[in-house]
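# Report on the structure
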Amino acid sequence: MNIICALCGTPLTSSDMLVGKNKLADGGYLCAECFSKAITINRDLINTLDQFYFAEITGMLLKSKIDASQNPESSSYPGTGNYEYDAPTRLDEIKDQIVALKARLSVLANEEVNELDKVLDQNERLIAIAECINLHNNREGIIFSTQWRVIFMDKKFLGGVVKNEYTHKDITSLDQVENLLYSVLRINTRGGTVEFKLHNKSDGRTFCDTVNGQLRGSEKPAYQQPAQPQSFFQNVQTPVSQNVSNTPKDSSEDIFEQLEKLGKLRQMGILSEEEFAEQKKKLLNKL
């Protein structure tokens, strides 16, 4: 089976695989070109790439592109030759939104993510996204919601996309049931109920809180299908982790995950030792 680059989607060559240091923490790989771009931004990634997830690497690249676009006179990263960053594409922006939502997608969802700019209208923005199985047909893919509709999408093995769409005006409510390792998301529509098994159990609660909140919001304009496929949307949504007011205490799993991210931010130099110690103390107090 061909292995593709987690960032650009190109198949990896034998020379790429011989690099030996181009594997990500979630099991994905970078091709030689994308690996070179990553270490141009952060030289430490030469030896620590396997400690970072796809979303974190994407965030670094996007931040560098944004910085470069805001400072055109310093488009090259200091001390790294003449590498210049291209302006962010529509797909870059959608991946940036996924990072902002703190979505926990595995490398297996990359093919669906790379099709999102062909599915969404330019004015749509992501408000929730998760990896799942459609329990009606057992197809694996991603489920996501914009401010207008919920869509399940699966990239076929031989090409093409399977898509099931539920507009917000046809949805009456969402609910979910958490199991030990996963959750089942139910979308209740005027035509019946559809169910999806979400791989991360907390994703069901987050998805329900976010979309139900949107359904209860102010009057929404009806979604109209564009005459032809357009590229994806623009605005970055506030992380949905804010919708946890009904949970008295963070789970230990979430706290340890946040501690791990804090450690990586310190390694990258984004947090000072004092800032790291302060944030670590706050998280440990929640245990």
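Residues numbered from 1 in each chain as written. Predicted model: local features only at pLDDT ≥ 70, side-chain atom pairs only at ≥ 80, totals over all residues. Heavy atoms only, no water.

## Section: the side chain of Thr146
Positionally, Thr146 belongs in strand E2 (residues 139-146). Judged by relative accessible area, Thr146 falls into the buried class, the value being 0%. A distance of 2.8 Å separates polar atoms of two side chains, one belonging to Thr146 and the other to Glu124. Setting aside residues up to four positions removed in sequence, Thr146 forms contacts with Leu120, Glu124, Arg125, Ile127 and His168. (Helix = DSSP H or I, 4+ residues; strand = E, 2+ residues; numbered from the N terminus. Buried < 20%, exposed > 50% of the residue type's maximum accessible area, 1.4 Å probe, protein only. Polar contact = N/O pair within 3.5 Å; in protein donor to acceptor, adjacent residues only side chain to side chain. Contact = heavy atoms within 4.5 Å.)

## Some words on the sheet that holds strand E7 (residues 192-198)
Read from one edge of the open sheet, seven strands run E4-E3-E2-E1-E7-E6-E5, paired in antiparallel fashion. At either end of the open sheet lies a strand with only one pairing partner, and these are strand E4 (161-167) and strand E5 (171-178). For this sheet, the mean angle separating the axes of adjacent strands, direction not counted, is 30°. Two elements, E5 and strand E6 (residues 183-189), share seven bridges in a ladder whose sense is antiparallel. Along E6, the bridge assignment pairs Ser173 with Asn188. Lying on the sheet, helix H8 (residues 201-215) is in contact with strand E1 (126-134), E2, strand E3 (149-155), E5, E6 and E7; it crosses E5 at an angle near 160°. (Pairing = 2+ DSSP bridges. Axes fitted to C-alpha atoms, helices over the stretch in contact; angles between N-to-C directions.)

## Quick word on the environment of Leu24
Here Leu24 is to be found in the loop between helix H1 (14-18) and helix H2 (32-41). With relative accessibility at 3%, the residue Leu24 sits in the buried group. The spatial distance from the C-alpha of Leu24 to the C-alpha of Ala6 is 8.9 Å, given a sequence separation of 18 residues. For Leu24, the contacting residues outside a window of four places in its chain are Ala6, Leu30, Leu49, Asp50, Phe52, Phe54 and Ile57.

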